[in-house]
Structure formats: C-alpha cells, structure tokens
Amino acid sequence: MQFKEEELIQYTEMVWSSFLGLDSRRSHEAYPPDPTNVEACVQISGAWVGVITINCPETLSQKITENLFHLSPDSASLEEVLDAMGEVINMIGGNLKSIMPPPCHLSLPIVAANGN
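Within each chain, residues carry numbers counting from 1 in the order of the written sequence. With the structure being a predicted model, the display of local features is reserved for residues of pLDDT at least 70 and the display and counting of side-chain atom pairs for 80 or more, all residues being used for whole-chain, interface and lining totals. Side-chain metrics in this entry use all non-hydrogen atoms of the structure; hydrogen atoms and water are not considered.

## Description of the packing of helix H1 (residues 5-19) against helix H3 (residues 78-97)
Moving on, step 1. Where H1 contacts H3, the two axes come as close as 10 Å, and the packing angle between them is 135°. When the interaxial angle is binned, H1 and H3 end up oblique. For H1 against H3, the interelement crossing comes out right-handed. In this structure, H1 contributes Leu8, Tyr11, Thr12, Met14, Val15, Trp16 and Phe19 to the contact, and H3 contributes Val88, Met91, Ile92, Asn95 and Leu96.
Moving on, step 2. Any residue that is not Ala, Val, Leu, Ile, Met, Phe, Trp, Tyr, Cys, Pro, Asp, Glu, Lys or Arg is counted as polar, Gly included; the first ten are nonpolar and the last four charged. For the contact of H1 with H3, the per-class residue count stands at ten nonpolar, two polar and no charged. Axes, fitted as lines to C-alpha atoms, cover a helix only where it is in contact. Angles between the N-to-C directions of the axes lie from 0 to 180 degrees. Secondary structure elements are taken from DSSP: a helix is a run of H or I of four residues or more, a strand is a run of E of two residues or more, and numbering for both begins at the N terminus. Reported orientations rely on four angle classes, namely roughly parallel under 35 degrees, roughly antiparallel over 145, roughly perpendicular from 65 to 115, and oblique for the rest. Crossings are classed by handedness, with left-handed meaning an anticlockwise turn of the near helix from the far one by less than a right angle and right-handed meaning a clockwise turn. Contacts were defined at the residue level, with two residues in contact if any of their heavy atoms lie within 4.5 Å.

## Details of unusual backbone geometry
Moving on, step 1. In this structure, the amide linkage connecting Pro102 to the following residue, Pro103, adopts the cis form with an omega of -5°.
Moving on, step 2. If you trace the backbone, Pro103 turns up in the loop between H3 and strand S3 (104-106).
Moving on, step 3. Although it is not a glycine, His70 sits at a positive phi angle of roughly 55°.
Moving on, step 4. Mapped onto the elements, His70 comes out in the loop between helix H2 (58-69) and H3.
Moving on, step 5. Exposure is judged per residue with a 1.4 Å probe applied to protein chains only, and the accessible area is read against the type maximum: over 50% gives exposed, under 20% gives buried, and values in between give partly exposed. Judged by its relative accessible area of 73%, His70 is exposed.

## Here's the deal with the side chain of Asn37
Moving on, step 1. Residue position: Asn37 is located in the loop between H1 and strand S1 (38-46).
Moving on, step 2. Here the side chain of Asn37 touches Asn55 through a polar contact of 2.7 Å, side chain to side chain.
Moving on, step 3. Not counting residues up to four positions away in its chain, the partners in contact with Asn37 are Tyr31, Asn55, Cys56, Pro57, Glu58, Ala112, Ala113 and Asn114. Here a polar contact means two N or O atoms within 3.5 Å. Within protein one must be a hydrogen donor candidate and the other an acceptor candidate, and residues neighboring in sequence count only if both atoms are side-chain atoms.

## Considering the nonpolar core
Grouped burial of nonpolar side chains is what soluble globular proteins tend to show.
Moving on, step 1. We define the nonpolar core as a collection of buried residues of types Ala, Val, Leu, Ile, Met, Phe, Trp, Tyr and Cys that are connected through side-chain atoms lying within 4.5 Å of one another. Core analysis: the biggest nonpolar cluster contains 27 residues, and Trp16, Leu20, Ile52, Ile54, Ile64, Met85 and Val88 have the highest contact counts within it.
Moving on, step 2. Those elements that provide at least two residues to this core are H1, S1, strand S2 (50-56), H2 and H3.
Moving on, step 3. The element contributing the most residues to this core is H3, with eight residues.
Moving on, step 4. Setting aside residues no more than four positions away along its own chain, Ile64 makes contact with Trp16, Leu20, Leu22, Cys56, Met85 and Val88.

## Considerations on the pairing of S1
Moving on, step 1. Pairing of S1 with S2 involves seven bridges; the strand directions are antiparallel. The partner of Glu39 across the bridge, within S2, is Asn55.
Moving on, step 2. Pairing between strands requires that DSSP locate at least two bridges from one strand to the other. Where S1 folds back on S2, the antiparallel hairpin that results is connected by three residues.
Moving on, step 3. In this structure, S1 lies alongside strand S4 (residues 110-113), joined through four bridges in antiparallel fashion.

## Examining the side chain of Glu66
Moving on, step 1. With respect to the helices and strands, Glu66 occurs in helix H2.
Moving on, step 2. When charges are counted, Lys and Arg contribute as positive and Asp and Glu as negative, whereas His and the chain ends are disregarded. The salt bridge definition used is simple: a Lys or Arg side-chain nitrogen within 4 Å of an Asp or Glu carboxyl oxygen. For Glu66, which is buried and forms no salt bridge, the nearest opposite charge comes from Lys63, at a distance of 4.9 Å.
Moving on, step 3. Here Asp74 takes part through its backbone nitrogen, which lies 2.8 Å from a polar atom of the side chain of Glu66.
Moving on, step 4. Setting aside residues no more than four positions away along its own chain, Glu66 makes contact with Leu71, Ser72, Pro73, Asp74 and Ser75.

Taken by themselves, the reported measurements are silent on function.
Given below as structure tokens:
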C-alpha cells in the first residue's frame, strides 16, 4: 500500500489542530538544517513497513510542548520537550497505522534533540 501525500497531510494536520491547537500550512520550501532541531520517529511494521519522522526547530518543539502539556511560555524542560515530541509522533503514527492492512505494529517513539 502506498500513501498518498494528501493522506499524510490530513493526519498530520488533524494532530496539529486537534491535539496541539496549532495551525499548519503546507510549504514546498526546504528549511536549512539546524543544530537545535528535535527529531522523533516511529516505525510501522507488518503488512506495511515504513518510518514516520518529524523534525522541528527548537522553537516549534517548545511551542508544541507548551500546548500539549498546557505549560506557560518558555517553561518546558528538555525532558518535557522530548516527551511531547514522542507523543506527537506516536499520535501521527497511530492514526496512519489505523488505515494500514493488518497486521501492523507501531514501534515505541525514538526522540533526539540534536546538540544535546
């Protein structure tokens, strides 16, 4: 089964708006690598195999954490940021897994903060 770009965008936007209260906007521009980016991924294995990855600048990962955990601005610890990013990628991965043919399994999230 091959994902269509629109399905990936739909599930990602749903998590962004429903769980994080954030607006999203599609962009075809590449952004330059940043040593402070936070990355998270989950793997789906079984009848469909793939990896879902999210890579965010530090400022966005902070905003995600504040919205997800209802924290005041600039109060999120690194541990909270890593937890939040793991939750976000797990939600996106879980939604995508649900449309896959069985059997499919979702791995635990792997999260890394570059430069830390």
